[in-house]
Amino acid sequence: MLLTYYKENVVEAGCDEAGRGCLAGPVFAAAVVLPADFQNELLNDSKQLTEKQRYSLRPIIEEQAIAWAVGIVSAQEIDKINILNASFLAMHRALDQLTVRPEHLIIDGNRFKPYDNLPYQCIVKGDGKYMSIAAASILAKTYRDDYMNSIAQDYPMYQWTKNKGYPTKAHRAAIKEFGPCEHHRMSFTLLEDTQLEFQFE
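Okay, so let's go over this structure. (Residues numbered from 1 in each chain as written. Predicted model: local features only at pLDDT ≥ 70, side-chain atom pairs only at ≥ 80, totals over all residues. Heavy atoms only, no water.)

Here's the deal with the environment of Ser132
Okay, step 1: As for its position among the elements, Ser132 is in helix 4 (residues 131–152).
Okay, step 2: In this structure Ser132 comes out as buried when scored by relative accessible area, which is 2%.
Okay, step 3: For Ser132 and Ala31, which are 101 residues apart along the polypeptide, the C-alpha to C-alpha distance reads 8.0 Å.
Okay, step 4: Not counting chain neighbours up to four residues away, the residues in contact with Ser132 comprise Ala13, Gly14, Val32, Leu34 and Ile106. (Helix = DSSP H or I, 4+ residues; strand = E, 2+ residues; numbered from the N terminus. Buried < 20%, exposed > 50% of the residue type's maximum accessible area, 1.4 Å probe, protein only. Contact = heavy atoms within 4.5 Å.)

Structure representation (structure tokens):
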């Protein structure tokens, strides 16, 4: 069973991101404040759940959370500030939108950029340990998947409905054949076998 909170008797927000390792699309992050008595047996790290389970949990999280929000950082911003800083910025943007000010943050991973002088704890694999981080991982993942599915309509050749922008063989083969588009992260190694210099308007 996942733990409800890291620190007792404070308003605690869990944060996680999705899309950090992708070649295309934004990075999404979510921040979630759950009530202390929140229980859900299915809730887990989004990577351990099926797509159907993630989407069935999303409305439950949104209805029962004290507060939740999603932050987005575009591919162009990722290219300017790098993916690590973009992940932090996406979390900060999610935290900016919370309707309740948290008193403590728990962050999935081993690094974080301090936010608004709030105390925080980084937790490696936190999405498999704490409910609020698991909930954040589900929101970040499903909202990002929705976004990738929507932009895939304009660029069917990259198969984003299947790969969501991750570096699959089919995705790399499509970049090699068609070149990148405005949603690709130009600072990433888009092709494994060669470092082609792509130019597009």
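Examining unusual backbone geometry
Okay, step 1: In this structure, Asn9 is a non-glycine residue whose phi angle is positive, near 55°.
Okay, step 2: In this fold, Asn9 is placed in the segment before strand 1 (12–18).
Okay, step 3: By relative accessible area, which is 76% here, Asn9 ends up exposed.
Okay, step 4: With phi around 60°, Gln159 is a residue other than glycine that occupies positive phi space.

Looking at the layout of surface pockets
Gaps between atoms show up when a probe of the same size as a water molecule is rolled over them.
Okay, step 1: In this structure, the largest pocket encloses a volume near 460 Å³.
Okay, step 2: Lining the largest pocket are 23 residues, and of these Asp16, Glu17, Lys47, Asp108 and Asp127 lie nearest its centre.
Okay, step 3: Only strand 1, helix 3 (83–97), strand 4 (104–108) and helix 4 provide two or more residues apiece to the lining of the largest pocket.
Okay, step 4: For the lining of the largest pocket, the leading source of residues is helix 3, giving four residues.
Okay, step 5: Tallied by class, the residues present in the lining of the largest pocket amount to seven nonpolar, six polar and ten charged. (1 Å grid on protein atoms, 1.4 Å probe; cavity = no way out; pocket = protein on both sides within 12 Å on 5 of 7 lines; lining within 4 Å. Points joined across faces, edges and corners; volume = space filled by probe spheres on them. Nonpolar A, V, L, I, M, F, W, Y, C, P; charged D, E, K, R; others polar.)

Brief notes about the packing of helix 1 (residues 51–64) against helix 4
Okay, step 1: Following both chains from N to C, one finds helix 1 and helix 4 inclined at 120°, their axes separated by 9 Å at the closest point. Both helix 1 and helix 4 take part in a crossing whose hand is left-handed. Mapping the contact onto sequence places Arg54, Tyr55, Leu57, Arg58, Ile61 and Glu62 in helix 1 and Ala135, Ile138, Leu139, Lys141, Thr142, Tyr143, Asp145 and Asp146 in helix 4.
Okay, step 2: Across the contact of helix 1 with helix 4, the residue classes tally to seven nonpolar, one polar and six charged. (Axes fitted to C-alpha atoms, helices over the stretch in contact; angles between N-to-C directions. Left-handed = near helix turned anticlockwise from the far one by under 90°.)

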